[in-house]
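Results of the structural survey
Here's the letter readout for the chains.
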Amino acid sequence: MSQRQIIQVFEQYQKSRFQFVQTVADLALRPQNIEILQNAGVMSLLRPLMLDVVPSIQQTAALALGRLADHSDDLAEAVVKEDILPQLVQSLGSQNRFYKKAAAFVLRSVAKHSPELSQAVVVSGGVDALVLCLEEFDPGVKEAAAWALGYIARHNASLSQSVVDAGAVPLLVLCLLEPEMALKRIAASTLSDISKHTPELAQTVVDVGAIAHLAQMILNPDAKLKRQVFSALSQISKHSVSLAEMVIEADIFPAAVACLKDQDDYVRKNVTTLMREVVKHTPELSQVIVNCGGMAAVIDYLGECRGNLRLPGIMMLGYVAAHSENLAMAVILSKGVPQLALCLSEEHEHHIKAATAWTIGQIGHHTPEHAKAVATSDLLIKLLELYMDASSSEDLQAKCKKALKSILQKCTYLPGLEPLLYDVPSNILKYVVCQFSKVLPNDSKARRLFVTSGGLKKVQEIDAEPGSSLQEHINAINSCFPEEIVRYYSPGYSEVLLQRLENYQPA
Amino acid sequence: MAELLKIKSEVEEFKKEYFYRNSQAEENRQREYQAANRIQSWFRACKVRAYLSHLHKKAIIIQRIWRGFTARARFRQMVKAAYFIMKMNFYEEMAIRIQRRWRGFFVRKYIHNYYARKSYLEGLSRKNELVRMELAELELLQKRERDCVEMVKEQTAKVYQAHRLHHLLSTKQCPGVFNSPFRPAPHEMELLLRQVKYQAPARLDSRGRACLMGMLGPTAPSFPRTLGSQWIKTTGTCCSSKPILPPISSKKQQGLFREPGEVWEQRMLCPDLTLRLQTSYTHLEEAQNQLRHKYIRLPTGKL
């Protein structure tokens, strides 16, 4: 046997190993193959190949493993059980960049599924190794590492804290400054995942100076980057007043409003979410956004989108209106109420309707002027319908009732209140009649209208328990009219008159 | 003797009389004593009563004067208090009047200023109109940009096709496919084919683009590159790799939430590098150089 022949055997073995790994990696791309591969025992075969002498085989094996783990929860658990993670983590520090990328991919696809699996990655020291990868020069490696860190940090606060403890945040902020768009995107999304859990984590992200760098990328033409940037900013600002003030101080506001006209739906949604998170803290912060015209833009945005995309916009209007009567007036002046009425009639999902009802309640509960604005767009009747509708969810009914109650207690616009006298449950009727009893003694024109439109007749037909507050309000209304009129409209008066006619003896 | 007798009888008489009288007196003694007693008791009672009534009269005088004195003193006190209360009521009423005016003025002027609120709301609606208009403009601009990109893409595809179909150009002798003699004018593809120069396919890519750009010049709609300039100028460069921060001092601050210094610091803050990063890129080579110097120095030290 010559030397050449001996070498050939080895070459052939290497070639076939490579081919096997390559084929498995290709097969693992399709989700329908996964189960067959799993049954064929692919895990135990891939594991020794991870320790292969040839780097390209190692790398492809890792890729195949990553794809398998990506598709199913069970396989990700199998990766953890087979003790592949320590090995991967160890080689993350030493191998070439292609291998690092593949290994980070495996870690990412394992961590993606559940907090327990992420915890397993953390326990095996994966976070430290990934942070080391962030210092690499190759943008692809950085991207893969940042992505994996994002998936780990996404699950809960303690995992996120372990990512922060490993020192990932400054490096992620540096990644934001890289020229590669993909890396920027992933870094922004990871920062968003880290800062979403607790105020402390958000504070660490802010302390590193992430806000200024994120704020610079608002006008980037790349839509996906903008999505992540706005989501990160909103996750930071949602925790506390001081963080929200930090975000506002980065001068994002008139520019962010322009992004409400972006082509991408999710950019618009994230901008609205950011506004909602900022606005909910204090009246001053809301004032800043209202003053830069953000509210008009959001109201326009509500008209342009459907479904769940509307939810943050609706809630933002509610938060703004809840702060003070001036801000609520600003919502009304920006033509927010008709838009909300449209939302209420167009949307089918109950939680969106509930949010809309809440917002309407927040707008209308300040002064009679606000209540009138709500009543003139026929929202009271719509709210009542939703409240009476048996198919409405419990939350929606509660929100509708609360909104109705708070608006009715302020409403003095009688033409809007009159339809509510008919077919209304007594717990709502109480408030309606109470408003009439307050207004009628002081307004003679309204008294006249009340009689001619049949309201008085309706009031006489209400049978209230004696001594209840409803009865008191009815008595207060009756005392505003001459006794004959009241008696005339009382039910059964015609019989009484006929009785008198029979008893009458002409002199 | 008669005389004696007479005297004797008289003595006898006298004795009898004396006895009679004594017995009489003895008989009346009890009664008289009681009478005297009664007269005396009456008299003494009269005296004591007169004295007592005298004392009463004097006591009444004393009480009258004392009560009058205290009552007058108390009344004086009451009048004083009533006067004080009246005065305080008056002062308070006046104070309320002043405070009412002042508070009304203050609140109307500074807190619920109707005119300020009205002008604020008017300003807000104007601002809203403005923002809506600007956003509509921006949207139009973005749409135009997208259209432009689309058109460029389409044109590129057309030119590429023209390159591929360049052999279908009509010659003097024979009209091409796109130049049917039965049509009044040649097909537009024919015109494009005439404009495009034939290149060898290998080099087509680089020069074809340049040719396209030259050709597009006049036809492309003039599109302002500075998209929505008012929005762009707020945050300087956005996609540069270096951290060039926007000049802050030149424009006005947005809010008054934080101290300007703090905001500036936040803006200029760059993440401090970890220990691993703080070793420089050429650290290894420097270390090697240092070692080499040491080794070079050592032999010289020996010498």
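Residues numbered from 1 in each chain as written. Chains lettered and ligands numbered in written order. Predicted model: local features only at pLDDT ≥ 70, side-chain atom pairs only at ≥ 80, totals over all residues. Heavy atoms only, no water.

By the naming in an unreviewed UniProt entry, chain B is Spermatogenesis-associated protein 17, taken from Perca flavescens. What the UniProt record of chain B gives under Subcellular location (unreviewed entry) is the line "Cytoplasm". (UniProt positions renumbered as here; feature names shortened; annotations may be inferred.)

Within an unreviewed UniProt entry, the label attached to chain A reads Sperm-associated antigen 6, and the organism entered is Perca flavescens. Recorded in UniProt for chain A, the comment headed Function (unreviewed entry) runs: "Important for structural integrity of the central apparatus in the sperm tail and for flagellar motility."

1. Quick notes on the nonpolar core
Counting residues in hydrophobic clusters, the biggest one holds 193 residues, and the most contacted among them are L214 and F253 of chain A. Ignoring any residue separated from it by four or fewer positions in sequence, one finds L214 of chain A in contact with L176, A188, V229, A232, L233 and I236 of chain A. Within the second largest apolar cluster, seven residues are counted, among which are V159, A162, L192 and L193 of chain B. (Core = buried A, V, L, I, M, F, W, Y, C linked by side-chain atoms within 4.5 Å. Buried < 20%, exposed > 50% of the residue type's maximum accessible area, 1.4 Å probe, protein only. Contact = heavy atoms within 4.5 Å.)

2. Let's talk about the pattern of salt bridges
Residue and element names in this part refer to chain A. One pass over the structure, following the stated rule, counts 32 salt bridges over all chains. The salt bridge involving E77 is made with K81; its shortest N-O contact spans 4.0 Å. Remark: K81 and E77 occur in helix α5 (residues 73-81); sequence separation between them is four residues, near one turn of the helix. Residue D138 pairs with R97 through a salt bridge whose shortest N-O separation is 3.2 Å. Remark: R97 occurs in helix α7 (residues 97-111) and D138 occurs in the loop between α9 (126-134) and α10 (139-154); sequence separation between them is 41 residues. D138 sits in the buried class, given a relative accessible area of 16%. (Salt bridge = Lys/Arg side-chain N within 4 Å of Asp/Glu carboxyl O. Helix = DSSP H or I, 4+ residues; strand = E, 2+ residues; numbered from the N terminus.)

3. Concerning helix α25 (residues 350-364) of chain A
All names here are of chain A. Under the 1.5 Å per step criterion, the end-to-end length of α25 is 21 Å for 15 residues, consistent within 8% with the ideal 21 Å. Buried residues dominate α25, accounting for twelve of its 15 residues. Listed as buried for α25 are I352, K353, A354, A355, T356, A357, T359, I360, G361, Q362, I363 and G364. On its buried face, α25 is in contact with α22 (311-323), α23 (325-333), α24 (336-346), α26 (368-376), α27 (379-388) and α28 (394-408). (Expected span 1.5 Å × (residues − 1).)

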